[in-house]
Amino acid sequence: MLRRLLRNPLAAAGGLIVLALFAAAAGAPWLAPYDPSDFDAAYVLDGPSVRHLLGTDGLGRDVLSRMLFGARVSLMVGFVSVGIASLVGVTLGAVAGYFRGVVDTVLMRFVDVMLTFPTFFLILAVIAYLDASIWNIMLVIGLTSWMGVCRLVRAEVLSLRERDFLVAAEALGMKPSRVILRHALPNAMAPVFVAGILGVAGAILVESALSFLGIGVQPPQPSWGNILTEGKSTLGVAWWLSVCPGLAILITVLGYNLLGEGLRDVLDPRLRAR
Amino acid sequence: MSAGSTNAPMASAGSTNAPMASAGGTNAPMASAAASPLLRAVGLTKTFRVAGRLFGGDRSVHAVTDVNLEFGAGRTIGIVGESGCGKSTLGRLLLRLLLPTAGRVEFDGTDLATLSPRDLRAARRHMQIVFQDPYASLNPRMKIGRIVGEGLEVHGVASGKAAREQVLELMARVGLTADAYDRYPHEFSGGQRQRVGIARALALSPRFIVADEPVSALDVSIGAQILNLLLELQDERGLAYAFISHDLRVVEHVSHQVAVMYLGRIVELAPAREIYTGARHPYTQALLSAVPTVDGKDRRQRVVLGGDVPSPLDPPSGCAFHPRCPIAVARCRVEAPQLVSDGGHRTACHLVGDGNPSAGGDVPPPVRHDPAPA
Amino acid sequence: MSKVSTVSDVSDVRGTNGKRLLDVRGLATAFDTSEGIVRAVDGVDFHVGEGETVALVGESGCGKSVTALSILRLVQAPAGRIVAGRIELAGVNLLELPEAEMRKVRGAKIAMIFQEPMTSLNPVLTVGYQIAEAVRLHRGLSKREAWKEAVRVLDLVEIPDAAERAAGYPHQLSGGMRQRVMIAMALSCDPRLLIADEPTTALDVTIQAQILELLDSLRARLGMALLLITHDLGVVAERAERVLVMYAGRVIEEGPVDRVFAEPHHPYTRGLLRSVPRLGRERAPLATIPGVVPKLNALPAGCRFRDRCDAAVAECASVDPALEPLGEGRRVACIVATRRGGLES
Ligand SMILES: Nc1ncnc2c1ncn2[C@@H]1O[C@H](COP(=O)(O)OP(=O)(O)OP(=O)(O)O)[C@@H](O)[C@H]1O
Ligand SMILES: Nc1ncnc2c1ncn2[C@@H]1O[C@H](COP(=O)(O)OP(=O)(O)OP(=O)(O)O)[C@@H](O)[C@H]1O
Ligand code: SF4
Ligand SMILES: [Mg+2]
Ligand SMILES: [Mg+2]
């Protein structure tokens, strides 16, 4: 499977980007030349130089270091919120697909209702009531983005339900929970995996947007979104403050999308030429 | 439930029918059958609702209508019919893997509908199923050993080393080598997978097995191996089979009794020998004559049925077979014939059994296509 | 038609069935797979006479479909290719024809129908249009004439209300009707040879009987030859004059159906016939052939049936038997059978 993935140059590039991001985030404490909240008073709003590779911000903090630590925030938000979304989506989707009938109808109407809310504004509304902590943000993003996964899993389980090996499991007298967990879900996870990877990109975007608007990750904790906010006000004098986080977000989202699409081609036998 | 963990979970305490009690209390319709049947289907009916055309509202598919069957230990009832006539639906109804729209299934005298979900799960170990498609019937992500042994684990029959040993024994019995234990289904051929499916069904020592076209997807020489295996297992363990197939040759080969289905109904039910030597329903006769046989061209008179199998969405009026029936009379178009018994041979045809073959009068008397070879 | 006629070098050894229409010699077709090169068809010899019905039987994967596709040169390149042999149609070696000439052979001289009629029909075009298109392509008729021709052939395959049905779409037809449409399309250009690859496997028994009956009567009426591919020995017994039994990429027995079925010479044919359930034999265990069909890239040395064979002798491990004549128009690829002049049962 890995070989097939690597044979697709775009997917391989996506994979490489994602790997690099992981490395950057994991290695931030060692890779970063400075502590992200250390002030270098002599070099406020200083452009890229040997001393500060990506320049400094209005408080004289090293942008490269802040970007590296910001990558940790992005990744964490991406994965934790997708994790929450997947957990909710997979559970509800599997239950709806397995039990069908009334359970299915009720759950799917709920999904429809959730989908009619414009997610971003829903998040804004919720964040307005809660503290704008990173945990709340992940929770809110997760709880507003599970519907796609839910539908995917439901459809998958619904079609698996007709497959003989699931009937066989039921005929052996297994409990529904066991049939779902051991037999249905392992065979329904491929599209969830793909959706998850694509979802990470979406969650990172949402987090950046929230932080950019000042209701996301709160300074002094660095995040690409809030670096960008500062960049906006100093666009005329310090282009690097906008370009660095902007490019980082762009490349990250691109990377996850490429990887996700590549995985879809590899994992989804319906798209695969025989 | 209290009795759930004993080795006879069907004998639930509150049950009115004493399970294995002989004749007492049961009102078996077939007086000749001495012991009470292992599994009894009474008036089984299944109607599926399907979305109709735009603005048409829902429509119903009468997949199975009023089926009555009695399965005795060590006996096989073959169920034949063309695609879509309801064979698989019937098979699943018998195991309560589908809920009937009407009618009931009794196992050992207990109506399965009266069992709690938990007791039903416990009861499932006595009744198993083998499928047609050896590719779809095994979980592609489980190793063979797990697939075969999962039932033991679920019912707490055996675990760990003991389970492994039992599984290996079963695998050997159905002709799989021990090295298959740790391999995945995709590494096996269709015939071998079918053996895995049979081993899985046997693991809990069931007493009743629904075999839904177990050899239809296999080559003749491999299919023959599987049929032999099923026959041997029946002799060894006194299994009762519902053997579903569209191939009369195969059905005859394994069955004591044969039920011929057409559009959800049983149109003929008789001992296997009688079906092949004295089929009475014109549909059975046509099926028999359509079966290609290896025994040369000096064959019986051929009845090639015209027309297509009608859609169960809108079955013909009266006798569902009348548009294709070579001997249909006026009455067939309006009145659905009942399954009438004549010495243990049941037929649902107006022109059979009432001793008045030309009932309708506007058609010449029926020509019997005698299936006995010249 | 092509002018590159080649004189058949075997024209003087005609069979009992008059003129040879199709003559296949030493055909070998290979596929590149992840497990190396596989010879799916490995030296196949047979012929089909004018107007004759020949059945090609064998178990799944033995190379029946690949043989049929090879005759039409439709094996999917680049993975698959014909690596050896000649395929002569009325004396012309099809393997030497340029692709443009070959296209004229397909459909016009040799037509083929497949197992699954739905996948071979375009769902968004009317059946009449699809047939008319084929007719126009091969016979250069006008639109109107082609449509008339389409209706005529639909009528020929006994589709009721052919004129109306021609304007319908494939999904409006039942499986049996679709197979009739496929046959109609195949017949629309009046081919000399019709190859039917498992034409009834996907159909119900009673519908199967209708289609086979139809094929039989059309063959007789139109005087075409029929190469009937099937795994159902019953169908062979009832419909074919001659039978070719394939095993693992080879024809291992050939002869008139009644003779072969009454007295099979090859141990495989014998085993196959014994393992067929028959009417009128209740609950007796069937004879079986032990083991499974070997993988094509792991064939045993010598005779490829050896390790499943109940008649094998020591020599079978070293000699790869060729298809040898054995009288009565029969041939068999088994050294034991050839030596004894047949197998004793
Ligand atoms: N879940 C379902 N919903 C709606 N209709 C169904 C469902 N299952 C089966 N049917 C319909 O019920 C009828 C009987 O189907 P069933 O699968 O029992 O036939 P069968 O005799 O087993 O056919 P085959 O030989 O093709 O397996 C068919 O017309 C089918 O379309
Ligand atoms: N495109 C392909 N690539 C690789 N191998 C192939 C391909 N097509 C066929 N084969 C191999 O060639 C062999 C013969 O296949 P073929 O389809 O001719 O069998 P068949 O006799 O028609 O079987 P069936 O009864 O299942 O239709 C098989 O072992 C198959 O795996
Ligand atoms: S009841 Fe009438 S229509 Fe039905 S099979 Fe008998 S004769 Fe034919
Ligand atoms: Mg079925
Ligand atoms: Mg084929």
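Keep in mind the model is a prediction, meaning the values are calculated, not measured.

### Considerations on the confidence of the model for chain A
Any segment with low pLDDT has predicted coordinates that should not be analysed in fine detail.
Point 1. Per-residue confidence for chain A gives a mean pLDDT of 83; residues scoring 70 or more make up 95%.
Point 2. Ignoring residues within four places in sequence, the model shows residues 270–274 of chain A, a span with pLDDT below 50, making 7 contacts including any to other chains.

### A few points about the site of ligand 1
Residues and elements named next belong to chain B.
Point 1. Within the structure, ligand 1 sits among 14 residues, and Ser-83, Gly-84, Lys-87, Ser-88 and Thr-89 are positioned closest to it.
Point 2. One of the side-chain N or O atoms of Ser-83 is found 2.9 Å from an oxygen atom in ligand 1.
Point 3. Contact distances for ligand 1 include 2.8 Å between an oxygen atom and a backbone N or O atom of Lys-87.
Point 4. Alone, ligand 1 offers 630 Å² of accessible surface; in the complex the protein occludes 65% of this.
Point 5. Looking at which element gives the most residues to the shell around ligand 1, the answer is helix 1 (residues 87–94), with 3 residues.

### Quick look at the site of ligand 3
Point 1. Close to ligand 3 lie 13 residues, the nearest being B:Cys319, B:Cys325, B:Cys332, B:Cys349 and B:His350.
Point 2. Split into classes, the residues belonging to the shell around ligand 3 amount to 10 nonpolar, 3 polar and no charged.

### Some thoughts on the domain arrangement of chain B
Residue and element names in this part refer to chain B.
Point 1. According to the domain assignment, chain B consists of domain 1 (25–51 + 58–139 + 205–266) and domain 2 (280–374).
Point 2. Each partner contributes to the interface: domain 1 provides 16 residues, whereas domain 2 provides 18 residues.
Point 3. Summed over both partners, the interface of domain 1 with domain 2 comes to about 1,700 Å²; 69% of that surface belongs to carbon and sulfur atoms.
Point 4. Its largest share of buried area at the contact with domain 2, domain 1 owes to Leu-248, Tyr-262 and Leu-263, together 37% of the area lost on that side.
Point 5. On inspection of domain 1 and its partner domain 2, the count reaches 1 salt bridge.
Point 6. In this structure, Arg-324 engages Glu-82 in a salt bridge whose closest nitrogen and oxygen atoms are separated by 3.5 Å.
Point 7. Our enumeration of links across domain 1 and domain 2 arrives at 3 residue pairs in polar contact (both at pLDDT 80 or more).
Point 8. Counting residues per element, the ones that place at least two in the side of domain 1 that touches domain 2 are strand 2 (59–71), helix 7 (248–254) and strand 9 (257–262).
Point 9. Taken together, the residues that form the side of domain 1 that touches domain 2 break down as 9 nonpolar, 4 polar and 3 charged.

### Structural notes on the side chain of C:Arg308
Point 1. Its place among the elements puts C:Arg308 in the loop between helix 10 (267–274) and strand 11 (324–325).
Point 2. Among the polar contacts listed, one links the side chain of C:Arg308 to the backbone oxygen of C:Pro290, at a separation of 2.7 Å.
Point 3. Those residues within four positions of C:Arg308 in sequence are excluded, and the remaining contacts are B:Ser221, C:Glu59, C:Tyr247, C:Ile289, C:Pro290, C:Gly291, C:Val292 and C:Val293.

### Some words on the pairing of strand 10 (residues 265–271) of chain B
Residue and element names in this part refer to chain B.
Point 1. With 5 of its 7 residues buried, strand 10 lies for the most part within the structure.
Point 2. Relative to strand 10, strand 9 runs antiparallel, the two sharing 6 bridges. Residue pairing in the sheet places Val-258 in a bridge with Ala-270 of strand 10.
Point 3. Here strand 9 folds back onto strand 10 in antiparallel fashion, the turn holding 2 residues, of which Leu-263 has a positive phi close to 50°.
Point 4. Strand direction decides the pairing type here: strand 10 and strand 12 (residues 345–347), joined by 2 bridges, are antiparallel. Directly across from Leu-269, in strand 12, lies its bridge partner Arg-346.

### Details of the interface of chain B and chain A
Point 1. Listed as interface residues are 24 residues of chain B and, on the opposing side, 17 residues of chain A.
Point 2. Both sides of the chain B and chain A interface together cover about 1,900 Å² of buried area, and 55% of this is carbon and sulfur.
Point 3. The interface formed by chain B and chain A includes 4 salt bridges.
Point 4. Its salt-bridge partner being A:Arg182, residue B:Glu153 comes within 3.9 Å of it at the nearest N-O pair.
Point 5. Put simply, chain B and chain A have 12 residue pairs in polar contact (both at pLDDT 80 or more) between them.
Point 6. Contributions of two or more residues to the side of chain B that touches chain A are made by strand 6 (127–130) and helix 3 (144–154) of chain B.
Point 7. When residues of the side of chain B that touches chain A are assigned to their parent elements, the largest contribution, 5 residues, is made by helix 3 of chain B.
Point 8. Split by residue class, the side of chain B that touches chain A holds 10 nonpolar, 5 polar and 9 charged.

What counts as what
Residues numbered from 1 in each chain as written. Chains lettered and ligands numbered in written order. Predicted model: local features only at pLDDT ≥ 70, side-chain atom pairs only at ≥ 80, totals over all residues. Heavy atoms only, no water. pLDDT = per-residue confidence, 0-100. Contact = heavy atoms within 4.5 Å. Near = heavy atom within 4 Å. Polar contact = N/O pair within 3.5 Å; in protein donor to acceptor, adjacent residues only side chain to side chain. Areas by Shrake-Rupley, 256 points an atom, 1.4 Å probe, with all protein chains shown as cover. Helix = DSSP H or I, 4+ residues; strand = E, 2+ residues; numbered from the N terminus. Nonpolar A, V, L, I, M, F, W, Y, C, P; charged D, E, K, R; others polar. Domains from an automatic or database assignment. Buried area = accessible area lost by both parts, 1.4 Å probe. Salt bridge = Lys/Arg side-chain N within 4 Å of Asp/Glu carboxyl O. Buried < 20%, exposed > 50% of the residue type's maximum accessible area, 1.4 Å probe, protein only. Pairing = 2+ DSSP bridges.

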